[in-house]
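Single-letter residue listing:
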Amino acid sequence: MGAFISCVAASCAGQLPQPGFTEVAYTTAADPVKAEPAKAEPMGAEKVVTYNKDIAPIIYQNCSSCHRAGEVAPFTLLSYADAKKRAKQIALVTENRVMPPWKADEGAEKFADAHLLSMDEIARIRQWAATGAPEGNKADLPPAPKFAQGWQNGEPDAVFQPTEAYNLAAEGDDVYRCYVIPTDYTQDRYVSAMEVRPGNRAVVHHVIAYLDTSGKAREKDAADPGPGYTSFGGIGVTPAGSLGGWAPGLVPRLAAAGEGILLPKGSDIVLQVHYHKSGKPETDLTKIGVYFTKGAVDKRIRSMMVLNPLLRIPAGDANYTTSAQRTVRDDITVLSVTPHMHLLGKDMEVSAKLPDGDEKKLVHINDWDFNWQMIYGLKKPMKLPAGSQVNLTARYDNSTDNVLNPTNPPRTVTWGEQTTDEMCIAFLFYTVDSEHLTKGETAVKENGGIGGGALAGVSPALRQMAVRLFDKDGDGKLNEEERQAALDWWRKNGTPAAPNN
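Participant: I keep staring at the overall build of the chain and nothing clicks. Help me out?
Facilitator: Of the regular secondary structure elements, the chain holds seven helices and 23 strands. Within the span of the chain, comprising 501 residues, buried residues form 56% of the whole. Restricting to contacts in the chain with at least 6 residues of sequence separation, those with at least 24 account for 83%. Only carbon and sulfur atoms are counted for the fraction: they give 51% of the accessible area of the chain, which is about 21,300 Å².

This is how it looks when you write it as structure tokens:
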């Protein structure tokens, strides 16, 4: 479902509590568990592995969508000649699971768009490379894959793009550029899918379309020269939601009939584009196509975070562990899950414990990579009854052994938007079983408590403490400035002990 709210939908800034969920809790602890990379078993030596019969089907299915002309990969993999000259490299990166970029420990049996090679496939590639990368019988070669040249779901109902192209320098750090695009709709709309058309596939790494109803993204845009503004991780403001996202290999899919993502009237689309520089000056003008729902919408696709905004990762800790929990208040149907951390992340597991004690795994990322964040759309949506507890466990490496650590020497790291900060979130995208908009039966939004932002999920006891300490205007709740002050204090001093009453 391409309309699933994307990689970091409402990321890095947070949302109000949503229907179907109650409070969040989180803990931290030391944990020596370390995920080991998968090891492929060798194939029998008697079998001759050839490109045309054995390897081409694997590459066509899992690699060629990115490894083709004009795409983000640095070389093509569409012919025997392409593969032969890189046979040893292909064997190495597949055995180490660097490629194809699929980070969940389960594949097509559970998730859409999965590119997880089986142990047998890895062994075939290794044996093929080790035996001289033979071509084999040309009659065994399957047809080369064909890729859509236009919009994959047909002509969109609306197309949005920035007002001008962005000029990207030849070298340097990656850029996260946010383009503010008004919609000017006078009524709420529902979106079935969003499709991204990168303007320059050689440098566009991934794209997320956030929604802003506050006007604050416009203020950031006005303060930053050139088209858009730069913001790592999230968009620097609390988003009202997201239309979805794109990364190489993800296929935009229309939502099921009667389901859709709300596009509030008057919303601005904040299109965040992650650029990876190519070594020469480039320009880009990425656009998105929006497909509105056809017919009546009975269920709104909603998103909710399971998060720990109070993480505090000590300098030098190579295996800092944190957890978070959220209780499901209503019967819901989970459509997808999207983990999110920054550069110190090692692994994250998200599961659900049902009221009867049964455990259901949603997703496990055992080799986190910020550059390959994915929407893990469930082929079979998962039912979670009221009272289920969604559990998140995440680990981080804040040591000098982590080559991605942005700070050397390491420093204590807390929650934040910057490259040197961290986050701990899993986004669940779901529908509420009892909601039937066509009958006027709307899921009731929970009381927002102290409001949105990263403190939305804090336990009631800590909410009360925060209000007592940081409610400067005496109105009994925290505004955005007061919430930020509370969060800043907790980042600096650590999570306070919850009061007993």
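Participant: Sorry, what's going on with the packing of helix 1 (residues 51-62) against helix 4 (residues 119-130) here?
Facilitator: The relative placement of two packed helices comes down to the angle between their axes together with the axis-to-axis distance. Across the interface, helix 1 lies against helix 4 with an axial gap of 10 Å and an inter-helix angle of 130 degrees. Regarding the angle of helix 1 to helix 4, the classification is oblique. Considering only the axes of helix 1 and helix 4, their crossing is left-handed. Mapping the contact onto sequence places Y51, D54, I55 and I58 in helix 1 and E121, R124, I125 and W128 in helix 4. Tallied by class, residues from the contact of helix 1 with helix 4 come to five nonpolar, no polar and three charged.

Participant: In this structure, what is going on with the packing of aromatic side chains? I would like to understand it.
Facilitator: Geometrically, a pair of aromatic rings is defined through the distance of the ring centres and the angle of the planes. Applying the stated rule across the entire model yields twelve aromatic pairs. Where Y166 meets Y179, the ring centres are 6.3 Å apart and the plane angle is 70 degrees; that geometry is what we call edge-to-face. Separated by 13 residues along the polypeptide, Y166 in strand 3 (residues 166-168) and Y179 in strand 4 (residues 175-182) bring together distant segments of the chain. Ring pairing ties together the aromatic residues Y51, Y80 and W128, which thus form one cluster. For the cation-ring pair, R86 lies above F75, with the distance from its terminal atom to the ring centre recorded as 3.9 Å. Its end group placed over the ring of W151, R197 keeps NZ or CZ at 5.0 Å from the ring centre.

Participant: Would you take a moment to explain helix 4 for this structure?
Facilitator: Helical geometry: 3.6 residues make up each α-helical turn, so side chains three or four residues apart lie on a common side. An ideal rise of 1.5 Å per residue puts 16 Å on twelve residues; helix 4 measures up with 16 Å between its terminal C-alpha atoms. Those residues of helix 4 lying buried are I122, A123, I125, Q127, W128 and A129. Turning to helix 4, the residues buried within the fold contact helix 1, helix 2 (80-84) and helix 3 (87-95). Remark: G132 follows helix 4 within two positions and exhibits a positive phi of approximately 90 degrees.

Calculation notes
Residues numbered from 1 in each chain as written. Predicted model: local features only at pLDDT ≥ 70, side-chain atom pairs only at ≥ 80, totals over all residues. Heavy atoms only, no water. Helix = DSSP H or I, 4+ residues; strand = E, 2+ residues; numbered from the N terminus. Buried < 20%, exposed > 50% of the residue type's maximum accessible area, 1.4 Å probe, protein only. Contact = heavy atoms within 4.5 Å. Areas by Shrake-Rupley, 256 points an atom, 1.4 Å probe, with all protein chains shown as cover. Axes fitted to C-alpha atoms, helices over the stretch in contact; angles between N-to-C directions. Parallel < 35°, antiparallel > 145°, perpendicular 65-115°, else oblique. Left-handed = near helix turned anticlockwise from the far one by under 90°. Nonpolar A, V, L, I, M, F, W, Y, C, P; charged D, E, K, R; others polar. Phe/Tyr/Trp six-rings, centres within 6.5 Å; stacked < 30°, edge-to-face > 60°. Lys NZ or Arg CZ within 6 Å of the ring centre and 35° of its normal. Expected span 1.5 Å × (residues − 1).

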